Amino acid sequence: MAVPLFNLAPDLIVSRLCLGTMTFGEQNSLPESFLLLDKAFDSGINFFDSAEMYPVPQRTETQGRSEEYVGRWMRERKVPRDRVVLATKVCICIHFINCENQIGGLACGTLLRLRTDYIDLYQIHWPDRYVPMFGETEYDPIKQFDSIDIEEQLDGLGRAVNAGKIRYIGLSNETPYGIMKFLHIAGRGPGRPKIVSVQNSYHLLCRAFDCGMAECCHHERVSLLAYSPLAMGILSGKYFLPDGGPSDARLNLFKGRYSEGESRYNLSSPIVQKAAKAYLDIAGKYGLHPVSLAVAFVLKHPLVASAVFGATKLWQLHEVLDACKVELDPEIIADIDKVHTTYWNPCP
């Protein structure tokens, strides 16, 4: 079955599954990455997501490899540029004196690594201001710090768009305030591009998007790119095996060295365990693979353009592809909502 498509923006049609590449260059070697990219592309996935800081966990000696691997794959496989949609992310930082030069310079570095003339979707990886993220749930005004004005960020992005380096822009790890502020400022003057997407976490263990963000995105026509549909593998059930899961599973392999992931996907939390096991029970009740249940749930959301997933092995990629064949009926959704009501967003 072909992967369904979604019209993300004018002349920007993306597959509803997007292969994330943050393991490329750390957990996955170059040949392994090529195999995953080959299979994804041959299966109908045309959408690939990276970031200038990848792979994770972050290390100076590996920074940029994920983008480099994708670029080498396109060049060596002779993949026509117009047959893929390349999305990547940038960290904007107040420590750079000139935001325009920062964005332009980082975009040029990305273009060199990706071996392309333009980026289809350039996303701000996270806000350059204090917001609760990666497990935090409450806003603390005291934590606010100096940041680059959104006007300046949009001006820098606009110049990169005008220069032909970027086609569209998006946000990531954003809040309703951030979405509306970017849209408001973009609409105030010429040359400031409008965001077309936001890449936030969305899965069975975190439906925070539906509380505020969904209304903003619906009315402003901003699509959700839902990352981590398997909650970093928790919803596959592998961490609940008697041996605690494979030693090379990310939360085992990088235990104690991946604070961003461990703070959000806390396997020692009884609530996380109970919620995840309840969803695994639903999959078993209806004869579904846990991966199919999790991914199909995300794809059912009317505001989701694409589910951004990761895979380190071909069989994992096959499992995600199989989810495109699954339709969740109202009875299954009702059971899912019961669990959600009992265990409210345990992985925010």
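The structure this text deals with has already been given above.
Here goes a summary of the coordinates provided.

The rules behind these values
Residues numbered from 1 in each chain as written. Predicted model: local features only at pLDDT ≥ 70, side-chain atom pairs only at ≥ 80, totals over all residues. Heavy atoms only, no water. Helix = DSSP H or I, 4+ residues; strand = E, 2+ residues; numbered from the N terminus. Expected span 1.5 Å × (residues − 1). Buried < 20%, exposed > 50% of the residue type's maximum accessible area, 1.4 Å probe, protein only. Lys, Arg positive; Asp, Glu negative; His and termini not counted. Salt bridge = Lys/Arg side-chain N within 4 Å of Asp/Glu carboxyl O. Contact = heavy atoms within 4.5 Å. Phe/Tyr/Trp six-rings, centres within 6.5 Å; stacked < 30°, edge-to-face > 60°. Lys NZ or Arg CZ within 6 Å of the ring centre and 35° of its normal. Pairing = 2+ DSSP bridges. Axes fitted to C-alpha atoms, helices over the stretch in contact; angles between N-to-C directions. Arc of directions from axis to C-beta. Core = buried A, V, L, I, M, F, W, Y, C linked by side-chain atoms within 4.5 Å. Right-handed = clockwise from strand over helix to strand, strands pointing away. Parallel < 35°, antiparallel > 145°, perpendicular 65-115°, else oblique. Nonpolar A, V, L, I, M, F, W, Y, C, P; charged D, E, K, R; others polar.

A few points about helix α4 (residues 150-162)
The end-to-end C-alpha distance of α4, which contains 13 residues, comes to 18 Å, matching closely the 18 Å that a straight helix rising 1.5 Å per residue would cover. All of the buried residues in α4 are Ile150, Gln153, Leu154, Gly156, Leu157, Gly158 and Ala160. Just downstream of α4, glycine 164 is the residue with a positive phi angle, here 85°.

Thoughts on the side chain of glutamate 52
Among the secondary structure elements, glutamate 52 is positioned in the loop between β4 (47-49) and α2 (65-76). Despite its burial, glutamate 52 remains without a salt bridge, the nearest opposite charge being carried by arginine 113 at 5.2 Å. Ignoring sequence-local partners within four residues, the contact set of glutamate 52 consists of Gln63, Gly64, Glu67, Thr88, Lys89, Val90, Cys91, Thr110 and Arg113.

What to know about the packing of aromatic side chains
Applying the stated criterion to the full structure yields six aromatic pairs. Considering the side-chain rings of tyrosine 130 and tyrosine 139, the 5.1 Å spacing of their centres and the 40° angle between planes classify their relative orientation as tilted. Note on tyrosine 130: relative accessible area 7%, which makes it buried. Centre to centre, the rings of tyrosine 202 and phenylalanine 209 are 6.1 Å apart; their planes meet at 80°, and the pair counts as edge-to-face. Accessibility classification places tyrosine 202 together with phenylalanine 209 in one group, the buried group. Among the aromatic residues, those joined into a cluster by ring pairs are Phe41, Phe48 and Trp73. Residue placement shows arginine 81 over the ring face of tyrosine 118; its charged tip is 4.0 Å from the ring centre.

So, the environment of glutamate 260
Topologically, glutamate 260 is positioned in helix α8 (residues 259-264). On the basis of relative accessible area, glutamate 260 is assigned to the partly exposed category, the value being 28%.

Regarding the sheet that holds strand β10 (residues 304-309)
Strand order around the closed barrel formed by eight strands is β3-β4-β5-β6-β7-β8-β9-β10, with parallel pairing between neighbours. The average angle at which neighbouring strand axes cross in this sheet is 30°, direction not considered. Summarising the sheet, strand β3 (residues 17-20) and β4 pair through three bridges and their orientation is parallel. Directly across from leucine 19, in β4, lies its bridge partner phenylalanine 48. Each of β6 (119-124) and β7 (166-172) touches α4; the most contacted strand, β7, lies at about 150° to it.

Observations concerning helix α12 (residues 330-342)
With 13 residues, α12 ought to run about 18 Å at 1.5 Å a step, and its terminal C-alpha atoms sit 19 Å apart, in line with that. For α12, the full list of buried residues reads Ile332, Ile333, Asp335, Ile336, Val339 and His340. One side of α12 holds all its buried residues, which, seen down the axis, span an arc of 160°. The outward face of α12, more than 90 degrees from its buried face, is lined by the exposed residues Pro330, Lys338, Thr341 and Thr342.

A short note on the nonpolar core
Counting residues in each nonpolar core, the largest one holds 104 residues, and the members touching the most others are Leu17, Phe48, Ile179, Leu328 and Ile336. Considering each element in turn, this core owes the most residues, eight residues, to helix α10 (residues 290-300). Ignoring anything within four residues of it in the chain, the contact list for isoleucine 336 reads Leu204, Arg207, Tyr279, Ile282, Leu293, Phe297 and Leu328. In terms of nonpolar packing, the next biggest core, distinct from the first, is built from 18 residues, Phe47, Val85, Tyr168 and Ala305 among them.

Some words on the pairing of β7
Of all seven residues in β7, six are buried, a share of seventy percent or more. Sheet topology note: the β6/β7 ladder contains five bridges and is parallel. Bridge pairing links leucine 121 to tyrosine 168 in β7. Taking the sense of rotation as the criterion, the β-α-β connection linking β6, α4 and β7 turns out right-handed. Pairing between β7 and strand β8 (residues 195-201): four bridges, direction parallel. Within β8, the residue paired with leucine 171 across the bridge is valine 198. With respect to chirality, the unit in which β7 leads through helix α5 (residues 176-186) into the neighbouring parallel β8 is right-handed.

So, the packing of α10 against α12
At a minimum axis distance of 12 Å, the contact between α10 and α12 shows a crossing angle of 100°. It follows that α10 is roughly perpendicular to α12 by the angle criterion. On the side of α10, the interface is formed by Leu293, Phe297 and Lys300, while α12 contributes Ile332, Ile333 and Ile336. Residues belonging to the contact of α10 with α12 are distributed by class as follows: five nonpolar, no polar and one charged.

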